[in-house]
Amino acid sequence: IMIKASGFLLTNPIVKPNTFRALSKHYTATSPQRAYHFRTAKLSGARQASLKMDRGGSLPFTASAEEEESLPLFDCCMPKDEVRASHFLKENPTFDGRGTVVAIFDTGVDPGAAGLQVTTDGKPKVLDVIDCTGSGDVDTSCVRKAGKDGTIEALSGRRLPLNPEWTNPSGDWRVGTKLLFDLIPSSVANRGKAERKKRWEEAHRGAIATATAELAKFDKDAKKAVPNDKEREQIRSELDSRLTILKDAAKNLDDPGPSIDVVTWHDGSVWRCALDTSDFTPTSPSSGASSAAILSTPGALKDFEPLTNFKTERKFGTFPDPYATSFVINIYDEGNVTCIVCDSGAHGTHVAGITAAHFPQDPGMNGVAPGAQIISCKIGDTRLGSMETGTGCTRALIATLEHKADLINMSFGEPTTTPNGGRFIDLANEVVHKHGVIFVSSAGNAGPALTTVGAPGGTSSSIYAIGAYVSPALAQAGHSVLQIPVAGTQYNWSSRGPTADGDLGVTFSAPGGAIAPVPTWTQQKRQLMNGTSMSSPCACGAIALILSGMKQEGMEAMGQPSPARVRRAIETTCLRVGEGKPEDVLTYGAGLIQVDAAYDYLRKSAVVDSPDFRYEVSVAPSGGSAPAGGLRGIYMREPHETRTPRAYTATITPKLHEDAPTVDKLGIEQRLVLECSAPWISAPSVILMHCAARAFQVAVDPCSLPPGLHAGHVAAYDAAQRWRGPLMKLPVVVVKPLQVPGSTIPPPQPQAADVSAAPEMPASDPPQSQGATGIGAQSSGMLAPVAAVGAGEGIEGGASDAQLPALGLGPFSFGPGTEHRVFVAVPEGSTWGELVLRAGKHDTPKVFLIRASQLAPQASYKDHEMRTMVTLSSGSEWPTNFRVLGGCTMEITLAQFWTSPGTSTLAGDLSFHGVTIPHVGANGLAIDGAAGVSRVLVHAPLRNERVKPEAKLTHVHIPVRPVAPSGGKASLMEPLATDRDTLPNGRIIYRMVLTYKFTPAESGKHRVTVPGLNTHIYDNALESQMTMIQEADTKRMIRIDDAYPEFFQLTSGQEVEIRLALRHDDTELLERLSDKALVIERKLESPITLPIYGDKRAAVTGTGSTVNEQLLRAGDSMPLYLSAAPDAKLPKDASAGRLLVGKLSLGQLCRGSGASPATAKITYIAQPQPEKPKESKAGKEEESSASNAADGAAGERANEHKKLQDALRDATIKFLKDMDLNNPAQADLYHKQVKQLKEASPAHLPLLIEHVRKLDTQAPKSGETPSSSQKVAAAKAVVAAAEEAIAAVDAREIAVATAVKNAEDTPELKAAKKEAESKRDVLCEALFRKAAALLRIEEELDYPGGAAPWNPSAVASSSSNTSTRGTAVAGEGVSIETTSGAEGTEETEGSGNTKAAAAPQTPAAGAGVADKSAFDTALFELRKLVDTSEGAYLPLHAKAEARASRPGNALRTVERAIDLIKDGKKPSGSSNSGNVPFPSLRTLYEWRHAILRSPPPHGVGNLTLHLAELDSQMMVKRFPVSHPLF
C-alpha cells in the first residue's frame, strides 16, 4: 500500500504538452469551423448597448486574429472557449475559481488522479473524500486487546502483529473485515480476478500434473507394490479422488477476492486506522516452504502507515497492482464504524476534472475552474453498481453544508413521476434557498423526445438543469468525427423539456463532452466521455469562475448573489443557439452560458437587485384543479386541450430568504410589464408587485395553430430597467397533434434492414437512466394518408370503405444531428401501433434514433415510450410495433445520429389497431380461481382485427410481514447521531430496520419488492430504502437492492433473512410503516396457461375446444371465458389466496406474425387445493389390527386399560425429552423413569431410541469444558444405550418384511412392511449414533488433544502438527504402507481407499486404547442396511474415509454433503435415514477447508494449497461475522 498526501505531493508525473502541437501549432486560418466559435460569441447590438459595464468600457465579445490562431489543436478536448471561460481568464487570471468550493455528487473522486492535486494558488485540490452511501463502511465495534507477543486476533482469524511505535493509550484495538471486491469498481475487480486466475491456473496446472503422474506411477507399479486387490483398489480410488477434486475445482472456480483486516484505534488525539492486506499476496507452493509456513504468511498490518479522516491530514492510500485503486479512511461513531472510501466508477473523477482540473505544464487541458477546490461526495453505491441512493444524496447535502461549499455538481438522475417533489427535492430546496448553495445538475440523456428531462436536475425549480452542446471544435478534437458539423448543436441524446408540469426543464446548455482525468485504476490519465454529465460540470466550473471573481472583488461591494440571482444573470446573457425558433428553448434552455457576460451582468445588477429575491410561479386551469403546489407552466399536449381556447390562473409570489428582515420585505415594490411572446397567448400588460402573491389570468388560443410544436412565454420585465431581462417567465407549450386520416394505399414491398455496430453514445452517466439520444434541425416533415398494411389487408373484408386509422410519414431529409418530430392524436380505442420506416437512397448505412412517446398523469416518461437505435442501409425497411394509449397524443421522433455522416431520407407508415376489454383499467383483470370461470368481453373499436387469445401466468407473488428476530422486535428504530446523518438545526435522521423470514417452497428466480417505494428515488416520500437478503443460518449476503430490485436465484428450502432499512427524520412517519409488507415475486419455471373458451358451458365442463384465432370485425364484441388454472399446474407456493400474475394477449400483428405488444395484466387469485384422499376408517382398523398382530399382541383390539398405559408411557417419554441432565435432580429423575419404563416395556423402540438421542445430544454444562475422561464416559453411555436399541430389533425379521414384493398387498402385509421399515429406521439410527460415539472414544483415547483426522476442528489446526498418521505428501510419492483397522470394512461404490498410513499416535498415559474393531463392526452392520455414501450418512462416511487416511475420498464426500444442503435436499428424518443428525453448512465448509489446507493424513497436502488459499477467502464471504452495515 502506498500512502500519499493529497495536495502536498504530486503523486503522478505532470502530463507533458501534447507532441502533436509541434506538428500543428495553430488552426488553419481558413477553417470555417474555428471561425464559427468567435462569430457566435457576438451578441446583438441592443444587448451590447445595454451591457457596456466592464472595467474597460465595452464587453470583449469578439476575438482577435491572434487568439483565433493561437489556440492549440488539442485544447478543445477540454472545452472552455464555448462558454467564454478562456477569454474571461485571459482578462482576469486570478478569477480562476480560487476561493470557491465545489461539492461533486458522483461516483467518488480519485485524490490521486492527474490534475487533481493542487489548485492554481498551491492549495490542496481535494478538501475531503466522503462515501455518503455507506458501501465502504466496516463494522469495527469489536474490541480486542493485544497479546503478550504484540499481536491481536483479527475477525478473519489471523494473528496480526502490531507496530510497536503506534500509540494507543486505551489499549483497545477495534477490528473488522471487508472483502476488497466489495469496495472497488466491478471493472477493477474483474481485472483483478483475471490476474489472480492466471496465477491460480499456473499452480493448478502443476498440481494436476503431479496428481496425474502419481496416479500413472501407481497404475504402473501397483500390482507389484500392493498385491491385495482390495487394498490396491482403495489406494487407486484415493489417488483418483485427488485428481477429480482438482479437475472439479477448475470447473467451479469462484473467486471472492482478498479480504482486508481493519484495525482502528484512538492515538490520544485522533482516530486512526491501519489495514492488513496480507491476503493480497498469493502463497506459492512451489517455493519449497512447508505448508505451515506457506499458510502463515506474516501480515502487512505493522508496515501500514496509519490513516485518519481524510479532511484532517489529506492522506490516502493506493491498493497494489493490478487494482491500483486509491482509497481514503473516515472513522465515525467513536470508532465503531470505519469507512474505506473507494470510488465506484470513473465518472466522478472525470466530472471533477472538467470542473477544476489543474495541469501547470499543460494549461490547455485544465478544467474550467482550475483554482477551485472540491469535495468528493460519493453517492453512487458500489453495492448497487454505482446506482445513487437517497441515503447517499442526503449525506452529500449535509457534507456540502459542513464544508460551506459554494456549488454542487450532480451528474446523476432518474425519471420521476412527480416533478419538483419528493424528500430529496425538499432538502435540496432548503440547501439552495436557505443556505445559498448553487446546485447544478445534468438534464438527462433521454432525448430527443420532449419531456424527457430527469430528476433532480431537469424537474426541480431550485436546480440548474444543463443540456449538452457540441461545438465543431469539440467534435473535431474530442470526438474525432468524420464529418465536422458546420455549426454547434445539441447532442442527439440530450434530454428535452418541458417537464410534465410545464416548466422549461432545461435551464441552459454547456459543452457535453471532454477528455478529462480519470482514476488511476483505469490505467490511463484521461478519457473521453460525453453526456449531460459532462455539460453539468462544465457549467458548474463556469459559475465557479463568476463566484471567484465576485469574492475577490468583494462581496460587500457587489452584493452576495443568491442562486436565483446568479441564474437570472446567466439566463439573461446566454448565447442564443439553435435555429432561432421559439421551441429551441426546450432543447437549449436559455442558450449557451457565457462567463464574461454573466459576470458583468452581476456587477451591474448588484445595486438594483437589493433586496435579493426570486419569483415563484404557480399555474392552475381556470375552473379546474391542479396538483398540490400548482403547475409551473402551461403545457397543452393532449387532443382535447388544443381544440378550444383555454384560460389559466397564474400566481407569482416574491420569495425572500426565510430570515429576511421586515425592511427587506418592505423594500419589494416592482412595476412589471408583462409581455407575451406569441399572438396566441394573452395576459395583462402590467402588474405591480409587493411582498405578497399576485394572480392574473392567462389565455391560450391554439385553434388557429397548425399541427406541430409551439412554444412561447409570458415574461415580466422591470418597466424602468429592461436591460435586467425577464424577472419572471411563465412557459407556454402547445402541441397540436395531427388527426389520423383513413384513406388507403397498397403496402410497400419490404426490404431487409442492415444493422451495424452502434455509434458512440454517452457512456458517462452510469446511473443516469434517461438513456442517450438527441436533436438537430427540426421539421414537421411531410404527411400523407396511408392504409393498413401487411397481413391486415386480407382481413379487412367488407370494411374496405371504412375509415382505417393510418398515417403516412415523410419523406424526411436528414443530415448529422437532424431531427424530425410528428405529433399524432392516437385514436380512442387504440391499443397498439405499427410503424414501418423505409430508407431512401444514401451512400453508406446511417444510424437513426427512433422514439414513440406518450405521457400519462403521475407516470414517468419511460412508462409509455418506445426507444431504439437502428442502422439502415440504402433502400432498407425497418418495422416495429409498440403499445399506445388511446386518446392521447403520441410524439414520433426520428433523428440521424450526430456522428453518422452524410445525408439520408426516411419515409414511413404508421397504423393504429385496437382490441380492448371495456371497463378494465390499467390494473388489468382480476380473476378468482375459486370461481372457476371468468367472463371477458373483447371489443374491436377501430377495424377488423385478428384475435388469438392467450392467457399465461408467469409470476407468483408471496407477501411477507416483518417478524421479530431472536431476542428482538420486528422493527428496530434507532437515531443516527453521527455528523454525517444530522440535518441542519440538529435534526436527527432515524433508521428503522424491519426483519423478514422467507423459505421458498420452490427453487427459482426471486425478487424482493417494497410496494409503493420501489422505483422512487427523488420523488420518494422517504429519504431512502435498502434491502439486504442473506442466508438465515450463515448470514452470507445473497443480494442488496434499493429502488430497482432485481431477480436472483433461491433454492427450495433455503431460508433467507430479509432486512429492510427505511430512513427519515420523522419518527411518526416511520412508525406508520413498522408493519410494512414485502412482496416476493418468483418467476415460474414454466408459465401456466389458462384455458380460454368461447362458450360458457364448455368452460364450466372443460369439454370442447379452446378458442383459436378468430376475426373480430370492426365494432363487434366477443365474449371469452377464462377457466381456472388446473390444480396440478399450480406451484407449491401458490396457496389459497396467493396472487399469480401474468398477461392476456389478444390482438395479432397486422404486419408480420405474432401477438401484438398490447396485453392486459392478469391477477389470478389462487383457489384452495383439493384435500388429499384420506384412508377409510375400515382400512385403518384393518391396518391397526394387522399391526397388533405383528407385535404379537393377543386379540383384535387392545383393551382400554392397555390404551391408558400406552398413553401414559408415551407422555412420559415426551416429558423426558425436555429434561436437563446437567441438573442433578432432573438427571436422577430421568434415569429412574427410564429404568421403570424399560422394566415395563423392555423392547419398546421409541423409548430406547429416544434414550439414545438424549444421551447423544446432551450439551455440556454451560461454562464448563468436559475433560477427556468425561467425554469418553459420555460416549460409552451412548454406545451402551444404542446397543440396547440394536438388541431389541430383529434384523432378520426386517429383511424378510421389507423384501416382500406383491402387486396386491393386503392391509396386513402393508402394515407389517410399514412396521418393519420403522424398526429399520430405529436400527439405522442406533448403529449410526453408536458408530459416531465410538469415533469420539477413539479420538479421546488414541489422539491426545482431539487431533483425529475425522474431527473437523482438529483438522483445521493440524497444519502445524508434525505428527501424522500418513507419510504421503503430494509431489513426494505415495506410501503404499497400510494400517490395520478399517481394511476389512465393506466399501460401497466410490469409497475407495488410499492407504497412506503410518503408526498411530501414542495415547495419553493411563487413557487406554480404543477398540478400533468396534467402530468397524458398527459401520459394517450399518452398511448392510443403508448406503453410507448417500444422504444423511455422508458425514459419517467422510469420517470413515478420513479415519482410513483417505482425505481425498473424505473431501469428495464432504462436498457431496454440502451440495445436498445447497440444493435444498438436506436430510431430515426421512424413512431411509431415521432421525440421523446432519452437520450445519458451516461445519461442513470448515471441514472441507481444513482438508484442503492440511498435510496428510488430515489433508491432501501441497496438491490443494492453492485451493485452500482461495477457499479461505471464500470462507469470509460465506460466513460473515455479523450483519453488514446499511
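Scope of this entry: the structure provided in the associated data block.

1. Concerning the overall build of the chain
Across its full length, the chain holds 34 helices and 59 strands. The buried share among the 1526 residues of the chain stands at 56%. Put simply, of all contacts in the chain between residues at least 6 apart along the chain, 78% involve residues at least 24 apart. Roughly 60,700 Å² of accessible area belongs to the chain as shown, and the carbon and sulfur atoms make up 52% of that amount.

2. Quick look at the nonpolar core
One finds Phe-105, Phe-319, Ile-340, Phe-439, Phe-508 and Ile-543 to be the most contacted residues of the largest nonpolar core, which totals 149 residues. Setting aside residues no more than four positions away along its own chain, Ile-543 makes contact with Leu-407, Ile-438, Val-440, Tyr-464, Phe-508, Val-566, Ile-570 and Ile-593. Core analysis: the second largest hydrophobic core is formed by 55 residues, Val-938, Leu-994, Ile-1058 and Ala-1158 among them.

3. Structural notes on the environment of Ala-300
Looking at where Ala-300 falls in the secondary structure, it is placed in the loop between helix 8 (291-294) and helix 9 (310-313). The exposure class assigned to Ala-300 is partly exposed, which follows from its relative accessible area of 25%. For Ala-300 and Thr-281, which are 19 residues apart along the polypeptide, the C-alpha to C-alpha distance reads 9.8 Å. Residues within four places of Ala-300 in sequence aside, it is in contact with Leu-275, Asp-276, Thr-277 and Ser-278.

4. Let's talk about the sheet that holds strand 27 (residues 670-676)
Pairing between the strands of a sheet is mediated by backbone hydrogen bonds and can be parallel or antiparallel. If you trace the five strands from one edge of the open sheet to the other, you get 25-32-31-27-29, paired in mixed fashion. Taken across any chain shown, the strands that pair with only one partner, and hence form the sheet edges, are strand 25 (634-636) and strand 29 (686-689). This sheet shows a mean twist of 15 degrees between the axes of neighbouring strands, independent of strand direction. Bridge count between strand 25 and strand 32 (residues 728-736): three bridges; the pairing is parallel. Directly across from Met-636, in strand 32, lies its bridge partner Val-734.

5. Considerations on unusual backbone geometry
Of the consecutive residues Asp-321 and Pro-322, the connecting peptide bond is found in the cis state with omega at 10 degrees. Tracing the backbone shows Pro-322 in the loop between strand 11 (315-318) and strand 12 (326-332). Here the bond from Ser-610 into Pro-611 is cis, since omega is 0 degrees, no more than 30 degrees from zero. Even without glycine at this site, Ser-386 takes up a positive phi of about 80 degrees. With respect to the helices and strands, the residue Ser-386 is situated in the loop between strand 15 (380-381) and strand 16 (387-388). Classification of Ser-386 as buried rests on a relative accessible area of 5%.

6. Notes on the packing of aromatic side chains
Aromatic rings considered in pairs are described by the distance between their centres and by the relative angle of their planes. Counted under the stated rule, the structure contains 22 aromatic pairs. Taking the centre distance of 5.9 Å and the plane angle of 75 degrees together, the rings of Phe-105 and Phe-439 count as edge-to-face. Remark: Phe-439 occurs in strand 18 (residues 438-442) and Phe-105 occurs in strand 2 (residues 101-106); sequence separation between them is 334 residues. With respect to burial, Phe-105 and Phe-439 carry one shared label: buried. Ring geometry for Tyr-491 against Trp-898: centres 5.2 Å apart, planes inclined by 90 degrees, an arrangement best described as edge-to-face. Of this pair, Tyr-491 sits in the loop between strand 20 (489-490) and strand 21 (508-511) while Trp-898 sits in the loop between strand 41 (889-896) and strand 42 (904-913), and the two are 407 residues apart along the sequence. Trp-898 matches Tyr-491 in its accessibility class, with the two residues each being buried.

7. What about the packing of helix 33 (residues 1481-1493) against helix 34 (residues 1505-1518)?
At their nearest, the axes of helix 33 and helix 34 sit 8 Å apart, and the two run at 155 degrees to each other. By the angle between their axes, helix 33 is roughly antiparallel relative to helix 34. Where helix 33 crosses over helix 34, the two elements pack in a sense that is left-handed. Contact residues: helix 33 offers Tyr-1485, Glu-1486, Arg-1488, His-1489, Leu-1492 and Arg-1493, while helix 34 offers Leu-1505, Leu-1507, Ala-1508, Asp-1511, Ser-1512, Met-1515 and Arg-1518. Looking at the contact of helix 33 with helix 34 residue by residue, the class counts come to six nonpolar, two polar and five charged.

The rules we used
Residues numbered from 1 in each chain as written. Predicted model: local features only at pLDDT ≥ 70, side-chain atom pairs only at ≥ 80, totals over all residues. Heavy atoms only, no water. Helix = DSSP H or I, 4+ residues; strand = E, 2+ residues; numbered from the N terminus. Buried < 20%, exposed > 50% of the residue type's maximum accessible area, 1.4 Å probe, protein only. Contact = heavy atoms within 4.5 Å. Areas by Shrake-Rupley, 256 points an atom, 1.4 Å probe, with all protein chains shown as cover. Core = buried A, V, L, I, M, F, W, Y, C linked by side-chain atoms within 4.5 Å. Pairing = 2+ DSSP bridges. Axes fitted to C-alpha atoms, helices over the stretch in contact; angles between N-to-C directions. Phe/Tyr/Trp six-rings, centres within 6.5 Å; stacked < 30°, edge-to-face > 60°. Parallel < 35°, antiparallel > 145°, perpendicular 65-115°, else oblique. Left-handed = near helix turned anticlockwise from the far one by under 90°. Nonpolar A, V, L, I, M, F, W, Y, C, P; charged D, E, K, R; others polar.

By themselves, these are just geometric observations and shouldn't be taken as functional.
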